[in-house]
Amino acid sequence: MRAERITDRADPRLAPYRDLRDGGLAVRRGLFVAEGRRLVRRLLAGGRFRTHSVLATEPMVETLSDVVDGVPLYVVDEATVRSVVGFAFHRGCLALGERGVPGSIDPLLAACRLVVLERVTNPDNIGAVFRNAAALGADGVLLSPGCGDPLYRKAVRVSMGAALRLPFATSTDWPADLDRLRACGFTLVALTPDGDVDVAAVAGARVAIILGAEGDGVSAAVRAMADACVAIPMAPGDHSLNVAVACAIALHRLR
């Protein structure tokens with residue numbers, strides 16, 4: 001490991017880190033951000049995404065020494081980091097990953113259990129769904145057009161790095177890609193509060209759980225395509241669940 005210490009905020013090596021608060025700017029650069037020691041280590045060790053570089057304060061250098069190999073490591077003080085990245089920085093290190101070519105749906109077709117998201121935009125929900133999906137045995141996530149970015153800075157952070165290792169793809173032919181899943185043997189299960197089947201009753205070796213955005217839920221068109229509309233039984237009254245919570249319960253009951 002060779003750490004390169006930088007004292008000049010205008011150093012060109014820091015250019016990719018400027019204004020990372022603007023998520024769209026990072027996307028246009030073909031990059032995404034991993035914040036904090038845990039996520040930086042997962043990015044470096046994961047192998048799914050290539051690491052562009054790491055930016056760290058001096059106390060973090062030694063803690064990353066065993067995983068930083070062949071990746072530029074820039075060492076700066078905290079004031080420099082804050083002035084460059086454009087947001088409050090207190091985790092000691094961050095890294096830039098290279099997005100690469102967008103994931104294809106094809107690898108997901110070989111999975112046994114998928115989570116499918118329709119128009120879910122909130123990064124907290126996206127991140128929490130990925131965290132739950134990874135922890136409860138899903139093999140991947142398929143996102144409809146209009147969903148939030150799993151590699152958005154906050155989504156990666158909330159996912160605790162699950163977005164860095166769980167396969168995902170954004171559909172380019174929605175909702176027709178759901179028919180592709182069915183043709184590959186998946187049972188399409190739309191999760192909705194007014195579903196007429198308990199989620200625990202769903203059977204099938206290959207299941208795709210479809211969840212919609214908060215408020216709107218799964219669209220009528222997708223519900224019509226589903227093999228079953230299922231619900232999570234709740235106490236009487238006007239109750240609903242956060243989409244990530246519903247995802248976790250459904251995956252757990254299907255196990």
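Values in this document were obtained by computation on a predicted structure and should not be read as measured data. (Residues numbered from 1 in each chain as written. Predicted model: local features only at pLDDT ≥ 70, side-chain atom pairs only at ≥ 80, totals over all residues. Heavy atoms only, no water.)

Student: Describe the packing of aromatic side chains, naming the residues involved and giving the relevant values.
Tutor: Taken as a whole, this structure holds two aromatic pairs when the rule is applied. Here the aromatic rings of F32 and F49 are separated by 5.2 Å at their centres, their planes lie at 75°, and the arrangement is edge-to-face. You can see F32 sitting in strand β2 (residues 31–35) and its partner F49 sitting in the loop between α2 (36–46) and β3 (50–56), a full 17 residues away along the chain. Per residue, the accessibility class of F32 equals that of F49, and both read buried. Here the aromatic rings of F130 and F168 are separated by 5.6 Å at their centres, their planes lie at 85°, and the arrangement is edge-to-face. Of this pair, F130 sits in helix α5 (residues 123–135) while F168 is found in strand β8 (residues 168–170), placing the two residues 38 residues apart along the sequence. (Phe/Tyr/Trp six-rings, centres within 6.5 Å; stacked < 30°, edge-to-face > 60°. Helix = DSSP H or I, 4+ residues; strand = E, 2+ residues; numbered from the N terminus. Buried < 20%, exposed > 50% of the residue type's maximum accessible area, 1.4 Å probe, protein only.)

Student: For the sheet that holds β8, give the residues involved together with the corresponding values.
Tutor: With parallel pairing, seven strands are arranged side by side in an open sheet as β8-β7-β6-β11-β9-β12-β10. Two strands lie at the open edges of the sheet, namely β8 and β10 (197–198), each paired on one side alone. Summarising the sheet, strand β9 (residues 187–191) and strand β12 (residues 228–231) pair through three bridges and their orientation is parallel. Each bridged residue has a counterpart across the sheet, and for L191 the counterpart in β12 is V230. Of the strands in this sheet, β6 (113–118), β9, β10 and β11 (207–212) are in contact with helix α10 (residues 243–254), which crosses β11 at around 160°. (Pairing = 2+ DSSP bridges. Contact = heavy atoms within 4.5 Å. Axes fitted to C-alpha atoms, helices over the stretch in contact; angles between N-to-C directions.)

Student: Which residues make up the sheet that holds strand β1 (residues 3–5), and what values go with them?
Tutor: In spatial order, the strands read β1-β4-β3-β5-β2; together these five strands make up an open sheet with mixed pairing. Both outer strands of the open sheet, β1 and β2, are each paired with one neighbouring strand and no more. Here the strands of the sheet are splayed against their neighbours by 25° on average, with no regard to which way each runs. Across the sheet, α2 lies against β2, β3 and β5 (93–98), angled at about 30° from β5, the strand it touches most.

Student: Give me the environment of V85: which residues, what numbers.
Tutor: By secondary structure assignment, the location of V85 is in helix α4 (residues 78–85). Residue V85 is classed as buried on the basis of its relative accessible area, which comes to 0%. Sequence spacing of V85 and L20 is 65 residues, and the spatial spacing of their C-alpha atoms is 5.1 Å.

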